[in-house]
Every structure is written in C-alpha cells, then in structure tokens.
Amino acid sequence: MNLYNLYGLILLFISLNIFGQKPLGQEDKLYNAIDVFTANPSAEALPNLKEAEIDFWKNPKPKSKEELLAIVVLNCNKAYYENLFGQSENAIKSYEKAWQLYQKNKLKNYDIIEYCLKPLGNLYTILGDYENAENTIKQYYFIANIEKNESQKVAAILNLSNVYQNTGNVFEATDLIEKTIQTEKLTSVQKGVLLNNLGANYVLSSKKTLAENSFLKAVSLLKNDKSQTETLANAYRNLAKLKAEQNDFNNASEYFKKAKKEFNKIKNKEPRKIAQFYYEAAFLSFKQEKITESEQNIQTVFKTLIPGYAASKSILPNQNSLYAETVLLDALDLQAAIYIKQNQPENALKSYSLALYIEDIFQSLLVYENSKIVTQIRNRNRIEKCISIYDSLYEKEKKSVYLENAFLLSEQSKSVVLKNHLNNSENYSREEKLILQQLQNWNTVIIKEQQKLEVADISKINEAIKKQNELMLLLKKKQSKNDTETDSGLDLQKLYSKLEEDKAIMLSYFFGASGIYKFTVQNNKITLDYISSEGSDFTNLMNFIRFFNDPNAITNNPQLYNTLGHIIYKKLKIPDFKKYKNLVVIPDGVLNFLPFEALITKESKTTNFAKMHYLVNDFNVGYTNSATFYLNSIPFSNTKKTVLGIFPVFEKTKYTLTFSKNELQSIKDNFDGQFFENNTATFSNFKNNAAQYSILHLSTHASSGDLEMPASIKFYDQEILYSELYDLTIKPDLVVLSACETGIGKLYKAEGAMSIARGFQFAGAQNLLFSLWKVNDFTTSVFMADFYKNIKNKQSYFEANANAKRDFLKNPDIPNAKKSPYFWSAFVYYGSIAQPEKSSNYIVYIISLLAVIGLFLIFNHYLKWKILTISRRKIKYKIILL
C-alpha cells in the first residue's frame, strides 16, 4: 500500500470516528481513488486504480448509473495515464472498457468524446488499427453532429484525415480537409490546424509547393494563440522535414530550432511525444550526415521509451524489451540506415530484424483484416532493404545462405493475413466464429449502405458501426489465447525435395519500390535476379497487361503483342530449363494480373495465334500465394468426383449467359452432381450444399469492383461481396469460378487482390481456377469442356488447365481471331500441382488380391473335401466287396 492510500484511510478513519459521518459510498470511493492518484500520478501507483475497480465489482449490490459513470471516469483517467507512462495497449483496453460501459448503460453527463473517444481513436491510429480508428472517429462525429458541437466535428475530420493518410488514401484525406476548409465556418485556430494536416497530405502527394504554403499559412494562424503551442511546433517540424527532404538544410535547421522552442513550452509531455521529437532531430542530423549526433538522438529515443535501456557495445535494444510502438520502428529503421552508411550490413540486418519483431506484435493486436493488411504493407519497404543487403553480401562472399535468408524474408511477406487466418481458424471457438460472422455481416451492411452515396442513411451506418464496435470488444475478450501467428520457418530442404518430386521449378517475385526481385528455386538451390522497374521496363509491363482490358486489342495489333510479350518474357528472366516442364509462379504486385502462360518465348512475324511461341507450349504453369502454401498443399484424392454447379444463366435479361448452358451440359457429360439452374441458383442453395461436393463450379457474372466498391459475384437472387464468402466452411478439391474478373480486386502488394478468389481461399478452398479479366461466354464454355474432359481422363487440375489451353489453340473449329490469348489465357490455376493420390488404387488392388486369395482357399478346401469323400467311397466300396 502506498503512502497516498494510507493517508486516505487515516483521514477516513478520523472522519468516521470523530465526526460520525457515514462510510463512503461506492461512487465516492471511486472518485476518492481518482483524486488520490491524480494528486501525484505515477506508473507505480496505477495498480491502485485497478484495485479500486476490482473492489467495486466485487460488491454484489446492484450498480446505479452514477456508480457506473464513476467507473467510466476512473477508466478514462487510468487510460490517460497508462498512455502517458508508455502503456498504450493497456490504455486502449481501459478506454474500450469505458466506452462499452457508457454505451451499454446509456450514461450521460460526461464528455465521452473528449475524454474517451478522441484519445481512443488516436491510439488506434498510432498502433495501426485503422479500421477501429475510423469506426471510433465516425461514431463521435455522429454524436458531435447531433449535439451540434462544431469543435469536436472539426477534431473528428482532422483525425479521420490522419487515418486516411496512414492507410494510403491520400486523395480522400486531402479532399476531406479541402472541403471542410471551403464549406465550414471555422475559427482561425481550427483553420490553422487543418492547414497543417493538409500540408502533410500534399507532401505525400509530392505537391511540395502547396505543402510549404499550407504549413506557412498554418504558422501564421497559430503563432499568436498560446493554447496551440503543440500544433505550432508540429507545423515548424513539418517545414523542417520538408526542407530536409529538399536538401535545404539551412532552412531545415532554422525551422527545427523554432519547433524546439515551442516544444519546450509544453508541460507534462508524454514520453512518446518526447521520443518522436528526438527521432526527428536524429533524422535531420542523418540527412546532414552528422552520424554521431544522429545516433545520440536515437539513443535518447530508446532511453525515453524503453525502461532500463542502456547502450552497451551495441546501440540496439534487447528484443525482449520491445513493444508495439511506431516511434521505436522509425528509430530502428533509421539506425539500420546509419549502419548501411557505415558499411555495417550485418548490424543493419539486426536492426531491421528488431523492427520486424515489433511489426509481428502489431499484427497480433489487430482484429480487422484491412488494418492487418495495411500494417503488413508498412513492413514491405523494410523487407526490400533486407533483400538488397543479402544480395550485396552474396555478390561479395558467394555464400548461398544469404540468398536463402533473402528468400525466407520474402516469403514472410507473402499473404501474411491469409496465412494467419487459415492457421488460426482451426483454433477458433464456436463463439468466436459466430462473432466473426456477425462482424462480417455488419461490415456488409456498412459497405452496401455507403454505396448509396448521397441517399445513404447515416444513422443506419452509425448503428452498424456501433454494433460492429460492440462485437469487436467482445471478440477481444473471447479471443483464444492459443492463437498462433504464421510460422515463418519455412523448411527449405522440404521445399527442394517437393519441387524435385513434382518435377517443378519455382519462380517467386518480390515487387519492391525500386524494382523486382526474382527468386528461382530449382536443383536444390536458390538464385536471385534483380529486375529494374524504371523507365520503359515498367511501361512495357503495364502496356502488356493492358492488352487484356479489351477483347480486340491483341487481334488489332498481334505484332506489337508478340514483341511486348517477348520483351516481358526476357525481362522476368524465366528459365529455359528443359529438364522439368512444371512451373510454379508466386506473383507479386501487378504481376498478379499477368498471364505468364501467354508470354512469348520466341518472337515471330506470324499473325496466326495458334503458331505463336507461348510459354504454355514449354511449361505447365501453376500459381500459388506463397511457398508455404505450395509446400503444405494436400494432394487431391483420386476418388470419384462430384460437382455442385451454380448456373443462374439470367435468361431474358440483359445479363443472359447463353453458352452457360453448353458449359453445364459438358460438365454433366463427365461428372455426376447437383446442378442449380436459373432461379434455383441462389446463394442459399449454394451455401447449404457446398460442403457435400468435391468440385464447386460457379458459372455466372462477377465484378472486380473499384476503389469504393469491393469485388462481388452474382447469384440468381443476390450479389455477394467477396468478404461475405469468408463465413463459408468448405474443403473442396477444387473451386472453378467461371465468371469475369474473379481473380481481380483491390490490389495489395504481397497480400494480393481482394477478389472473389480471395473470398473462397479465406473460406478454406486450396485449389482454384479463376479469371483475370472479362471473359467471353462462348470461348469460356469451350475451354471448360476441355478442362473437365481432361480431369475425367485422370489428369491433375494443374495439367488439365494447361492442356485445355493447348487443346483450345489446336481446335480447328475455333477461328483465328478467337485464338487470341485474350480468349484462352484468362483462367489461371492456384493450388497443388501434384498428381492425384494413388493410395485409393492400392486399396482396390489389396482388396482384389485378398478376394482372390479367399476364393482360392475356399476352392482349395472344397477340392480337398471332394477328394476325401471320393476316397472314402472307394474304401467303403472295397469293404463291401470283401
């Protein structure tokens, strides 16, 4: 017990015994605990607030609204000081608890926005939990709008802009601030604060002149208001950083001095803000090549944020002392850059490794998929720099371990969120799965309502956000403690063995900011190539991909297609390896939209599409999200295949799929199953039957969506967003998405496209066939007929896809124009490339053999019995004769 609690108890005892007052009530006890703590706050005294709360809940008496409000106030105060003392994760939990109690019990008479929701939204943003941040900010904007609290509305707009800025939606962030400045009645201070934020958006948009003007205007509006010292300091810091980026170090230093002067005026500064200031000082020193000064400032960052930090031989902190904090990330990245400048690549890798460790902690704290993906994108630049270092070390020392380490790091960035979900989904309790499903349902409500734009019901959106928030808090409480993150320890020896077994070569691409790294895994070793993405190289790649935006583009200019296809083939450094004919590609970035099969291996003058030299002529090409998926892929069984077919057809509408009927018939000719046509091809029929069939085939319409609208797929009765498929529980052998753009969606490097195919992968599908652009109804039906015929003939899905494309090109009934790669290369296969398991055949052989042996034994026994009977008869006959 600390002195303040002891003193409080003495006073309480005196008051009770001398003055005869009644004991303090529950509400008064809580406020007394708050008063005692805030009189002299410290990290060591924080548990006293926790104990006061525990005592409160131990009391079995019903809680009044006044008492519950006291608990809300206690948690808000506790959260404020937890954040002040660098315990941001605990602070979030306390704020969340306060907000949950306030909402659930419909409490009033407390500024919940100012003391809970604003700081909670800011903490979410700092920790990269952007979806929770956005939801929280929108909730308090809605409340502020109802209460006509203009200052809190402006604060919400400012903080929402920060969220958009951090998630890469710079246009939205800029547009939001510009419209607010133009349309709202603002005070000079409010306008200055918004202009400072707007300048930061302009910097990210490379509009440096507009950025400088915004910062300068902000300074002029804020410098005479003593209450805005911190914002003024931030404006000067932004100007200093801008000038440093422009190598104008004189002005950068002057602005930073002004920032420091204002910053020093701030009382009771949070450790995080102090550390942030020293990081910016370190960054400025680094840009000026004052390395010693920069390292001193970095050490101050570590001392400020890490209890017990002391630099020894290395400036780097101990990994066990690290936690989720973006300033620590920035400091470690800067220290790595210093090591590179000092020609210490191994130390740079150690510094980046610590930063990667912190990013893993961030990932473990997040609930929403989008927030996890954005956080993972932040990791990409760091991994790219590590790959570059390993590449340089290999060039100097020729040690293969450097290339192996580079490959493993690249693999860590591949579909991290999808991998983690599939790993953890087996461990989710029934209750957790239900909460996740409800979260997804409310998210769908929000998205579909937002699509109505001007006529959207804001109150409906807010109610959905509120429900989503309640479920998110519940999930955090229920979430299993045994959740495991993706195991990044890929076993290379097993990978080498599997590739040899599958007679395959693996090409894994890492699409970075400066270029493309290509790993080739073959012959029990890894090689690494760097491909520039500057100038004409990237332009050629994009122009080649654009050929598939229009069905006539290739037909109209086959020679240009031939030329560009060959240029891209050479640029992507695809090996000409005659030993194996199977190629596994792990694409990245825009390469996710590239049909590798249609690349040209040898340039020619022919306009006959069937005679062009395509990669599909040399290789069976398959794709996978990561080497881990390939290694862990489960060979599909050779048991009887059954198909669940969804064929809405949409007859007598503008969406009619005339040749979908042909596709249906060709599948029926080869496989048994259940086939839903026309008005029976509903989502509920699909969902209720999907788990019972080995192949799921959907022949319908789909859309890749756009920046606002997510990817979706049409059933007869409704359109389903890709994320609505997450809730399916399926383990089919194969999913065939015979529709337009089923592999296209909003693209995130490493994680891939947020597409319909992604939805099925999230639900548990391992092997998928899907399209990369708008497909033709007729040619799709022809391709699918060949594909299913090949499967019927015992080909693997991987081979069936490649051979169907070759069959298409050889088909004499298809005219040359329709043999354009646009029509035959749209469908790509992701999944296992192994041959079907033979184990089921062995069982049949064994059963047959046992049956033969059994029959032989029976026959042999019968034969012996017959001989014995005959012998006995002969003996008997002889006896009678005698």
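Just so it is clear, the model here is predicted, and its values are computed rather than measured. (Residues numbered from 1 in each chain as written. Predicted model: local features only at pLDDT ≥ 70, side-chain atom pairs only at ≥ 80, totals over all residues. Heavy atoms only, no water.)

(A) Molecular detail of the pattern of salt bridges. Per the counting criterion, the structure on display carries 37 salt bridges. The salt bridge involving Lys78 is made with Glu82; its shortest N-O contact spans 3.7 Å. Of the two residues, Lys78 and Glu82 are both situated in helix H4 (residues 65-84); the distance of four residues between them amounts to about one turn of the helix. You can call Glu82 buried: its relative accessible area is 7%. (Salt bridge = Lys/Arg side-chain N within 4 Å of Asp/Glu carboxyl O. Helix = DSSP H or I, 4+ residues; strand = E, 2+ residues; numbered from the N terminus. Buried < 20%, exposed > 50% of the residue type's maximum accessible area, 1.4 Å probe, protein only.)

(B) Expanded view of the packing of helix H12 (residues 229-245) against helix H14 (residues 271-287). Here H12 crosses H14 at 20°, and the two axes come no closer than 10 Å. The angle between the axes of H12 and H14 places the two elements in the roughly parallel class. Note on packing geometry: the crossing formed by H12 with H14 is left-handed. Judged by residue contacts, Glu230, Arg237, Lys241, Ala244 and Glu245 of H12 engage Lys273, Gln276, Phe277, Glu280, Phe283, Leu284 and Lys287 from H14. In terms of residue class, the contact of H12 with H14 is built from four nonpolar, one polar and seven charged. (Axes fitted to C-alpha atoms, helices over the stretch in contact; angles between N-to-C directions. Parallel < 35°, antiparallel > 145°, perpendicular 65-115°, else oblique. Left-handed = near helix turned anticlockwise from the far one by under 90°. Contact = heavy atoms within 4.5 Å. Nonpolar A, V, L, I, M, F, W, Y, C, P; charged D, E, K, R; others polar.)

(C) The arrangement of the pairing of strand S17 (residues 768-771) in detail. Burial along S17 is two-sided: Leu768 and Phe770 and Leu769 and Ser771, pointing in opposite directions, are all buried. Across two bridges, strand S14 (residues 734-738) lies against S17 in parallel orientation. Across the sheet, Val736 pairs through a bridge with Leu769, a residue of S17. (Pairing = 2+ DSSP bridges.)

(D) Summary view of the pairing of strand S8 (residues 642-647). Within S8, five of the six residues are buried, leaving the element largely enclosed by the surrounding structure. By the bridge criterion, six bridges tie S8 to strand S9 (residues 672-677) in an arrangement that is parallel. What sits directly across from Ile646, in S9, is Phe676. For the segment spanning S8, helix H28 (residues 660-670) and S9, crossover handedness is right-handed. Across four bridges, the pairing between S8 and strand S10 (residues 695-699) is parallel. Within S10, the residue paired with Ile646 across the bridge is Leu698. (Right-handed = clockwise from strand over helix to strand, strands pointing away.)

(E) The arrangement of empty space enclosed by the protein in detail. The full count for this structure, using the stated rule, is five cavities of 30 Å³ or more. Of the volumes computed, that of the largest cavity is approximately 230 Å³. Every element with two or more residues in the lining of the largest cavity is listed here: strand S16 (752-754) and helix H30 (756-763). Among the elements that line the lining of the largest cavity, the one with the most residues is H30, at three residues. For the lining of the largest cavity, the per-class residue count stands at nine nonpolar, eight polar and four charged. (1 Å grid on protein atoms, 1.4 Å probe; cavity = no way out; pocket = protein on both sides within 12 Å on 5 of 7 lines; lining within 4 Å. Points joined across faces, edges and corners; volume = space filled by probe spheres on them.)

(F) Representation of the layout of surface pockets. Empty space within the second largest pocket amounts to approximately 800 Å³. Lining of the second largest pocket is provided by 33 residues; of these, Leu422, Phe629, Asn632, Ser633 and Gln766 occupy positions nearest its centre. Those elements that provide at least two residues to the lining of the second largest pocket are helix H20 (416-425) and helix H27 (627-631).

(G) Spotlight on unusual backbone geometry. Its identity as a non-glycine residue notwithstanding, Asn109 has a phi of 65°, on the positive side. Among the secondary structure elements, Asn109 is positioned in the loop between helix H5 (88-104) and helix H6 (112-126). We classify Asn109 as exposed; its relative accessible area is 77%. Backbone geometry at Asn247 places phi at a positive 60°, although glycine is not the residue there. One can find Asn247 in the loop between H12 and helix H13 (249-263).

(H) Fine view of the packing of aromatic side chains. One pass over the structure, following the stated rule, counts 39 aromatic pairs. Among the aromatic residues, those joined into a ring-pair cluster are Phe544, Phe547, Phe548, Tyr561, Trp773, Tyr822 and Phe823. In this structure, Lys241 packs its charged tip against the face of Phe283, placed 6.0 Å from the ring centre. Cation over ring: Lys792 sits above Phe671, and NZ or CZ is 5.8 Å from the ring centre. (Phe/Tyr/Trp six-rings, centres within 6.5 Å; stacked < 30°, edge-to-face > 60°. Lys NZ or Arg CZ within 6 Å of the ring centre and 35° of its normal.)

(I) Here's a closer look at helix H9 (residues 170-183). Relative to the 20 Å expected for 14 residues at 1.5 Å per residue, H9 spans 20 Å between its end C-alpha atoms, a close match to the ideal helical length. Residues Val170, Ala173, Thr174, Ile177, Thr180 and Ile181 constitute the buried set of H9. The buried residues of H9 occupy an angular sector of 135° when the element is viewed end-on, so they sit on one face. Opposite its buried face, H9 presents the exposed residues Phe171, Gln182 and Thr183, each directed more than 90 degrees away. Contacts from the buried residues of H9 go to helix H8 (150-166) and helix H10 (188-204). (Expected span 1.5 Å × (residues − 1). Arc of directions from axis to C-beta.)

(J) Molecular detail of the nonpolar core. Core analysis: the largest hydrophobic core is formed by 233 residues, its most contacted members being Phe596, Phe686, Phe760 and Phe787. If sequence neighbours within four positions are ignored, Phe686 has contacts with Leu644, Ile646, Leu696, Leu698, Phe715, Leu728 and Phe760. Counting 34 residues, the second largest nonpolar core, distinct from the first, contains Val189, Val193, Ala211 and Tyr255. (Core = buried A, V, L, I, M, F, W, Y, C linked by side-chain atoms within 4.5 Å.)

(K) Main features of the side chain of Asn443. As for its position among the elements, Asn443 is in helix H21 (residues 430-450). Apart from residues no more than four positions distant in its own chain, Asn443 is found in contact with Glu131 and Gln468.

(L) Expanded view of the environment of Gln100. Looking at the element boundaries, Gln100 is found in helix H5. As a C-alpha pair, Gln100 and Ile340 span 240 residues in sequence and 48 Å in three-dimensional space. Setting aside residues up to four positions removed in sequence, Gln100 forms contacts with Glu470, Leu473 and Lys477.

(M) Structural view of the confidence of the model for the protein. Counting all residues, the mean pLDDT for the protein is 89, and 91% of those residues have values of 70 or more. Within the protein, the element-level pLDDT minimum falls on helix H34 (residues 839-881), averaging 42, and the maximum on strand S18 (residues 827-830), averaging 98. Segment residues 482-486: pLDDT under 50, and 16 contacts once partners within four positions in sequence are set aside and those in other chains are kept. Residue range residues 839-849 is modelled with pLDDT below 50. Its contacts to residues more than four positions away, or to other chains, number two contacts. (pLDDT = per-residue confidence, 0-100.)

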